Amino acid sequence: MAQFLPLLLFLHVMGAILAFGPTFAYSIMGAMAGREPQHANFSARQVAAIGNKLVYPLAIFQGVTGVLLIMASGRDLSSASERWLGISMVLYAITLTYALTVQRSALHHLIEMTSTPPAPGSPPNPEIPATVKKIQRGGMFMGLMVVIIVFLMVVKPTF
């Protein structure tokens, strides 16, 4: 299986770029939607489509290629020198679970709330800004987690 190591590493790195790169643009899209609320629903649906068709499948693919890399390289996860890898795996599992449950649910809730414009003269729905804030906080959390995971994968610190 070691002969597949370069290919697996390529797939893992390429998968990370394609899966997590677009997520760093979500804050720009959200800010633009905030300045033009009439387009908020479209922007939220774009984020959901990118997530469903690109980010989530490739994020799951990351776990698969990661496990295959560990198997192909024969790494000993119980070794103290490999602690960075175990920490990365735990952070990945936390982040992916959060993305697929909390963040995804909040985004779909925002899409539902913004799918119909408010009636003329009615006050704006106060739940919309609260949901947007929740999505923003979740995005910052997940972005930080991705940065930490990439740091651990590249630097491989010893603890």
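This text goes with the structure placed above it.
Rules used throughout
Residues numbered from 1 in each chain as written. Predicted model: local features only at pLDDT ≥ 70, side-chain atom pairs only at ≥ 80, totals over all residues. Heavy atoms only, no water. Helix = DSSP H or I, 4+ residues; strand = E, 2+ residues; numbered from the N terminus. Core = buried A, V, L, I, M, F, W, Y, C linked by side-chain atoms within 4.5 Å. Buried < 20%, exposed > 50% of the residue type's maximum accessible area, 1.4 Å probe, protein only. Contact = heavy atoms within 4.5 Å. Phe/Tyr/Trp six-rings, centres within 6.5 Å; stacked < 30°, edge-to-face > 60°. Expected span 1.5 Å × (residues − 1). Bend = angle between axes of the 7 residues up to and from the residue. Axes fitted to C-alpha atoms, helices over the stretch in contact; angles between N-to-C directions. Parallel < 35°, antiparallel > 145°, perpendicular 65-115°, else oblique. Left-handed = near helix turned anticlockwise from the far one by under 90°. Nonpolar A, V, L, I, M, F, W, Y, C, P; charged D, E, K, R; others polar.

Draft legend 1. How the structure looks around unusual backbone geometry. One non-glycine residue, K156, adopts positive backbone phi at about 50°. If you trace the backbone, K156 turns up in the segment after α5 (127-155).

Draft legend 2. Structural context of the nonpolar core. If you look at the biggest cluster of nonpolar residues, it comprises 12 residues: Y26, M29, A44, V47, A48, V55, A106, L107, L110, I111, M113 and I135. Those elements that place two or more of their residues in this core are α2 (26-35), α3 (40-73) and α4 (83-114). No other element matches the 5 residues that α4 contributes to this core. With near-sequence residues (within four places) excluded, I135 lies in contact with Q103, A106, L107 and L110. Membership of the second largest hydrophobic core comes to 7 residues, among which are I70, L91, M145 and L152.

Draft legend 3. Here's a closer look at the packing of aromatic side chains. Inspection of every chain in the model, using the stated rule, returns 1 aromatic pair. On the basis of an interplanar angle of 70° and a centroid distance of 5.2 Å, the ring pair of Y98 and F141 is categorised as edge-to-face. Of this pair, Y98 sits in helix α4 while F141 sits in helix α5; the two residues are 43 residues apart in sequence, bridging distant segments of the chain. We classify F141 as partly exposed; its relative accessible area is 30%.

Draft legend 4. Summary view of α3. If you check α3, its first and last C-alpha atoms are 46 Å apart, about what 34 residues at 1.5 Å a residue would give, namely 50 Å. At G51, α3 shows its maximal bend, which comes to roughly 45°. Among the residues trailing α3, G74 stands out with phi positive, at a value near 70°.

Draft legend 5. Highlighting the environment of S88. Along the chain, the position of S88 falls in helix α4. Judged by relative accessible area, S88 falls into the buried class, the value being 1%. Put simply, S88 and I148 are 60 residues apart on the chain and 8.1 Å apart in space, counted from C-alpha to C-alpha. With sequence-adjacent residues up to four places away left out, S88 is seen in contact with I149, L152 and M153.

Draft legend 6. Spatial organisation of the packing of α2 against α3. In contact at an axis separation of 8 Å, α2 and α3 are set at 165° when each is read in the N-to-C sense. Classified by the angle between their axes, α2 and α3 sit roughly antiparallel to one another. For the crossing formed where α2 meets α3, the hand is left-handed. Facing α2, whose interface residues are Y26, M29, G30 and A33, α3 presents A40, S43, Q46, V47, I50, G51 and V55. Tallied by class, the residues present in the contact of α2 with α3 amount to 7 nonpolar, 4 polar and no charged.

Draft legend 7. Region of interest: the side chain of T131. One can find T131 in helix α5. Residue class for T131 comes out buried when judged on its relative accessible area of 8%. Those residues in contact with T131 that sit more than four places away from it in its chain are A106, H109, L110 and M113.

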